[in-house]
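# Remarks on the overall topology
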There are 2 protein chains.
Amino acid sequence: MKGSSATVGQLERFLRSRGLRLTRCRKLAVEAVEACGAHFGIEDLKAAARAKGLRVHRATLYRTVPLLVEAGILRKVSASGGDRGEYEKGLGRGHHDHLLCLRCGRSIEVSSVAMEREQARLCARHGFLAVDHQLRIRGYCADCRSDGQPGDAARRPGRESAVIVAGRR
Amino acid sequence: MKGSSATVGQLERFLRSRGLRLTRCRKLAVEAVEACGAHFGIEDLKAAARAKGLRVHRATLYRTVPLLVEAGILRKVSASGGDRGEYEKGLGRGHHDHLLCLRCGRSIEVSSVAMEREQARLCARHGFLAVDHQLRIRGYCADCRSDGQPGDAARRPGRESAVIVAGRR
DNA sequence: GCTAGAAATGCGACAAAGTCGCAATTAGGC
DNA sequence: GCCTAATTGCGACTTTGTCGCATTTCTAGC
């Protein structure tokens with residue numbers, strides 16, 4: 001995979017800046033991320049690693065993933081309804097929010113400049129210094145509303161900055 | 001407690017409309033909610049019930065709470081950083097978002113009409129029918145930013161629609 | 001290349017959160 | 001008060017996440 005070496009580079013820079021080491025397991029974690037879909041949990045990473053014939057211990061991943069988050073490679077989200085720890089790739093992607101369809105389970109990534117601005121204003125009003133934010137809107141996507149079969153949307157041209165990232169898990 | 005009987009009424013109406021029963025345990029759950037703070041988990045409800053000398057099984061609460069959510073009595077949130085299931089009272093309170101302080105752990109409820117409007121616009125653009133939404137902004141509150149001792153804010157008059165609902169758990 | 005010391009890993013045990021099937025109990029219409 | 005379906009308690013189980021410790025593996029210095 002091509003993107004992964006760039007990502008490994010980013011990780012290495014981060015680790016060095018902290019006096020930490022770039023180990024086999026950490027590189028593996030980055031590759032596993034590439035192999036995963038848009039949203040994944042730690043067990044998914046473990047499975048991806050195993051699929052490559054490599055094994056990592058769960059505890060190790062639980063220790064590694066926060067580093068990837070700090071390095072900006074991953075971003076923690078709770079996109080789906082369930083409150084399991086979920087992550088998504090965070091590199092080179094602008095911030096975005098999630099529209100989660102309650103019927104087909106699809107997760108649609110959207111971004112809105114106006115929204116960002118409004119959030120900034122809100123924070124300013126409360127003297128709050130934002131580090132990150134997460135907006136999740138649950139409801140029904142266009143296809144599920146119109147009673148069409150869920151899945152239609154995937155065949156339609158994307159609109160604006162919306163990306164459909166996941167079907168039902 | 002005064003509010004609880006009104007809430008029980010609301011629950012009863014909901015249950016009847018579904019052909020379900022208003023049981024001792026469900027009433028108890030509502031009372032336990034009243035006894036809890038702004039944000040709580042299922043174990044908190046269990047503890048609140050026990051404090052009244054009544055006992056409910058965990059599994060029962062896990063079955064009851066989703067009903068309370070459907071009835072509009074509770075609302076599911078993940079206000080704090082951890083991804084444990086958390087709830088807050090949902091009755092008669094306008095929608096609000098959360099500013100979560102990473103230093104003192106306080107959770108500040110805010111609401112912004114402009115934000116709501118922006119979200120509505122976003123949904124409309126994607127043909128998405130929103131059912132609910134949740135915005136969580138993590139960062140540092142005014143007091144923690146200014147390096148004052150965390151906790152100062154509680155003594156200051158509240159501004160606008162901000163409500164401080166929780167300290168570190 | 002070798003060595004020492006620190007960092008990282010694997011392991012297993014544990015805790016917390018949540019789910020499930022089943023037998024016993026109970027609400028509520030008659 | 002009786003009857004039946006809904007509800008509950010129970011306990012066993014899964015999943016998710018954490019921790020301490022012994023072992024392994026980096027890296028720097030020689």
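Structure: see above.
The paragraphs below set out a description of the structure included in this document. Remember, predicted model here, so these are calculated numbers, not experimental data.

To continue, consider the environment of Gly-139 of chain A. Tracing the chain through its elements places Gly-139 of chain A in strand 6 (residues 129–140). Given 18 C-beta atoms within 10 Å, Gly-139 of chain A falls into the partly exposed group. Separated by 132 residues in sequence, Gly-139 of chain A and Thr-7 of chain A have C-alpha atoms that sit 34 Å apart. Dropping the residues within four chain positions of it, Gly-139 of chain A is found in contact with Leu-102 of chain A together with Phe-128, Leu-129, Ala-130 and Val-131 of chain B.

Let's shift gears to the protein's contact with DNA strand C. The full set close to DNA strand C counts 24 residues, and Leu-20, Cys-25 and Thr-60 of chain A together with Ala-59 and Gly-85 of chain B are the nearest of them. Sorting the residues of the surface near DNA strand C by element identifies helix 2 (24–35) and helix 4 (58–70) of chain A together with helix 3 (42–51) and helix 4 (58–70) of chain B as the ones contributing at least two each. Broken down by element, the surface near DNA strand C gets its largest block of residues, four residues, from helix 4 of chain A. Along the lines of polarity and charge, the residues of the surface near DNA strand C split into eight nonpolar, seven polar and nine charged.

This brings us to the interface of chain B and chain A. Tallying the contact residues gives 37 residues for chain B and 37 residues for chain A. Sorting the residues of the side of chain B that touches chain A by element identifies strand 4 (107–110), helix 5 (113–125), strand 5 (129–140) and helix 6 (142–145) of chain B as the ones contributing at least two each. The biggest single contributor to the side of chain B that touches chain A is strand 5 of chain B, with 12 residues. Its residues placed into classes, the side of chain B that touches chain A shows 18 nonpolar, nine polar and 10 charged. Bridge count between strand 6 of chain A and strand 5 of chain B: 11 bridges; the pairing is antiparallel. Within the sheet, the bridge partner assigned to Leu-129 of chain A lies in strand 5 of chain B and is Tyr-140 of chain B.

Next up on the list: the nonpolar core. Judged by nonpolar contacts, the single largest core of 28 residues is most densely connected at Leu-99, Cys-101 and Cys-141 of chain A together with Leu-99, Cys-101 and Cys-141 of chain B. For this core, the secondary-structure elements that each account for two or more residues are strand 4 (97–101), strand 5 (107–110), helix 5 (113–125) and strand 6 of chain A together with strand 3 (97–101), strand 4, helix 5 and strand 5 of chain B. Excluding residues that lie within four positions of it along the chain, Cys-101 of chain A makes contacts with Arg-106, Tyr-140, Cys-141 and Cys-144 of chain A.

Taken together, 24 residues sit near DNA strand D, with Ala-59 and Gly-85 of chain A together with Leu-20, Cys-25 and Thr-60 of chain B positioned nearest. Those elements that provide at least two residues to the surface near DNA strand D are helix 3 (42–51) and helix 4 of chain A together with helix 2 (24–35) and helix 4 of chain B. Among the elements that make up the surface near DNA strand D, the one with the highest residue count is helix 4 of chain B (four residues). Among the residues making up the surface near DNA strand D, the classes are represented as eight nonpolar, seven polar and nine charged.

Quick look at the relation of the copies chain B and chain A now. Its rotation angle being 178°, the transformation that places chain B on chain A also includes 0.0 Å of axial translation and leaves an RMSD of 0.3 Å. Taken together, the rotation and translation describe the operation of a two-fold axis. Residue Leu-135 of chain B, judged by its C-alpha, is the member of chain B lying nearest the rotation axis, at 2.2 Å. Interface residue correspondence from chain B to chain A reaches 100%, placing this contact among same-surface, isologous pairings.

Right, let's talk about the pairing of strand 4 of chain A for a bit. All names here are of chain A. Most of strand 4 sits inside the fold, with five of its five residues counted as buried. In strand 4, alternate side chains face the same way, and those of Asp-97, Leu-99 and Cys-101 on one face and His-98 and Leu-100 on the other are all buried. Two elements, strand 4 and strand 5, share four bridges in a ladder whose sense is antiparallel. If you follow Leu-100 over to strand 5, its bridge partner there is Ser-107.

Thresholds applied
Residues numbered from 1 in each chain as written. Chains lettered and ligands numbered in written order. Predicted model: local features only at pLDDT ≥ 70, side-chain atom pairs only at ≥ 80, totals over all residues. Helix = DSSP H or I, 4+ residues; strand = E, 2+ residues; numbered from the N terminus. Buried ≥ 20, exposed ≤ 12 C-beta atoms within 10 Å, placed from the backbone. Contact = placed C-beta atoms within 7 Å. Near = placed C-beta within 6 Å. Nonpolar A, V, L, I, M, F, W, Y, C, P; charged D, E, K, R; others polar. Pairing = 2+ DSSP bridges. Core = buried A, V, L, I, M, F, W, Y, C linked by C-beta atoms within 7 Å. Least-squares fit on C-alpha atoms with pLDDT ≥ 70 in both.

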